[in-house]
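One-letter residues, chain by chain:
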Amino acid sequence: MRVMMTGPGQSPLSKVILAFFYVYFVLHWVTGILMFHHKLGFSYQSVVRYFLGDPEQFMNPRSFIGLLEVTHFHLFAMGLFFVVFSHLLLFCPFGAPVKAILTWLLGLSLLLDILSPWLIRYVAAPFAWLKLASFWTLQGVSLILLLGLLVALFQRRPPVNS
């Protein structure tokens, strides 16, 4: 937790801890993309089919309780994800405007990624575009954050603390 308050230190142990965290994050990032592709697919039609079902393929629509269970878990997990990465972002070598943009993009993409299945299922199928956009925005912002954090981890000068 000290890292959250003071930033990544220069001690070898703090670098090892952060490096392992980043390795786990990369594995999470890759497996998340693979799971999304396997379960939902990357096309508009496959996302609609996943949430609304497809009688020709004997796929039922996602149930209310199914969406609720996924939402319940994701609200907690994504909240933690946001807190950890938005705090670590403070120590990235980005200027204040870039940090603000990345923080907002991270928070909004997480929120829309959680909200969009409900909108697809209970409002209108075209919200599948929102699901795809929020997923890819989240992946892109996460990758930018990871690269910035890796730069901050291995640079010799202190990071920008804006």
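If you're wondering where the values come from, they're calculated on a predicted model, not measured in any experiment. (Residues numbered from 1 in each chain as written. Predicted model: local features only at pLDDT ≥ 70, side-chain atom pairs only at ≥ 80, totals over all residues. Heavy atoms only, no water.)

Participant: Please clarify how the pattern of salt bridges should be interpreted in this entry.
Facilitator: If the charged atoms of two oppositely charged side chains come close together, the side chains can form a pair. Within the structure shown, the criterion is met by two salt bridges. A salt bridge links aspartate 54 to arginine 49; the nearest nitrogen and oxygen atoms lie 3.2 Å apart. The salt bridge involving aspartate 113 is made with lysine 131; its shortest N-O contact spans 3.0 Å. Of this pair, aspartate 113 sits in helix H5 (residues 96-122) while lysine 131 sits in helix H6 (residues 128-154), and the two are 18 residues apart along the sequence. Residue aspartate 113 is classed as buried on the basis of its relative accessible area of 11%. (Salt bridge = Lys/Arg side-chain N within 4 Å of Asp/Glu carboxyl O. Helix = DSSP H or I, 4+ residues; strand = E, 2+ residues; numbered from the N terminus. Buried < 20%, exposed > 50% of the residue type's maximum accessible area, 1.4 Å probe, protein only.)

Participant: Quick question: what am I supposed to make of H5 here?
Facilitator: Spacing of three or four residues puts side chains on the same side of an α-helix, whose turn is 3.6 residues. For H5, with 27 residues, the first-to-last C-alpha span of 39 Å sits near the 39 Å given by 1.5 Å per residue. At leucine 115, H5 shows its maximal kink, close to 35°; a proline, proline 117, follows between one and four residues later. Every buried residue of H5 is listed here: Lys99, Leu102, Leu106, Ser109, Leu110, Asp113, Ile114, Ser116, Pro117, Trp118, Leu119 and Ile120. In this structure, the buried side of H5 is in contact with helix H3 (44-52), helix H4 (64-89) and H6. (Expected span 1.5 Å × (residues − 1). Bend = angle between axes of the 7 residues up to and from the residue. Contact = heavy atoms within 4.5 Å.)

Participant: Explain the nonpolar core here, please?
Facilitator: Most often, soluble globular proteins keep nonpolar side chains buried together rather than apart. The biggest cluster of nonpolar side chains holds 20 residues, and the ones touching the most others in it are Tyr22, Phe81, Phe85, Leu106 and Leu145. Broken down by element, the residue count for this core peaks at six residues, all from H6. Residues contacting leucine 145, with those up to four places away along its chain left out, are Phe85, Leu89, Cys92, Leu102 and Leu106. (Core = buried A, V, L, I, M, F, W, Y, C linked by side-chain atoms within 4.5 Å.)

Participant: Where do I start with the packing of aromatic side chains in this structure?
Facilitator: Centre distance and the angle of the planes are the two values used to describe a pair of aromatic rings. Under the criterion given, the structure shown has 13 aromatic pairs. Taking 4.9 Å as the distance between ring centres and 15° as the angle between the ring planes, the aromatic pair formed by tyrosine 44 and tryptophan 129 counts as stacked. Here tryptophan 129 lies in helix H6 and tyrosine 44 lies in helix H3, a separation of 85 residues in the sequence. By the ring-pair criterion, three or more aromatic residues cluster together here, those being Phe21, Tyr22, Phe25, Phe81 and Phe85. The lysine or arginine in question, arginine 62, covers the ring of tyrosine 50, its NZ or CZ lying 4.2 Å from the ring centre. (Phe/Tyr/Trp six-rings, centres within 6.5 Å; stacked < 30°, edge-to-face > 60°. Lys NZ or Arg CZ within 6 Å of the ring centre and 35° of its normal.)

Participant: What am I meant to see in helix H2 (residues 12-39) here?
Facilitator: Between the first and last C-alpha of H2 there are 40 Å, a value that for 28 residues agrees with the 40 Å anticipated at 1.5 Å per step. Every buried residue of H2 is listed here: Ser14, Leu18, Tyr22, Phe25, Ile33 and Phe36. Trailing H2 by a residue or two, glycine 41 shows a phi angle of about 85°, which is positive.

Participant: Quick question: what am I supposed to make of the packing of H3 against H5 here?
Facilitator: Helix-helix packing: each pair is described by the crossing angle between the helix axes and the interaxial distance. The geometry of H3 relative to H5 is characterised by a closest axis approach of 9 Å and an angle of 75° between their N-to-C directions. Our classification of the angle between H3 and H5 gives roughly perpendicular. On H5, the residues that touch Val47, Phe51 and Leu52 of H3 are Pro117, Ile120 and Arg121. Looking at the contact of H3 with H5 residue by residue, the classes come out as five nonpolar, no polar and one charged. (Axes fitted to C-alpha atoms, helices over the stretch in contact; angles between N-to-C directions. Parallel < 35°, antiparallel > 145°, perpendicular 65-115°, else oblique. Nonpolar A, V, L, I, M, F, W, Y, C, P; charged D, E, K, R; others polar.)

Participant: I would appreciate a short explanation of the packing of H4 against H6 in the present structure.
Facilitator: One way to put it is that H4 packs onto H6 with a least axis distance of 10 Å and a crossing angle of 45°. Here H4 is positioned oblique relative to H6, judged by the angle of their axes. Viewed along their axes, H4 and H6 form a crossing whose handedness is left-handed. Within the contact between the two elements, H4 uses Phe81, Phe85, Leu88 and Leu89 and H6 uses Leu138, Ser142, Leu145 and Leu149. For the contact of H4 with H6, a count of residues per class yields seven nonpolar, one polar and no charged. (Left-handed = near helix turned anticlockwise from the far one by under 90°.)

In short, the description is geometric, and any link to function would need to be established separately.
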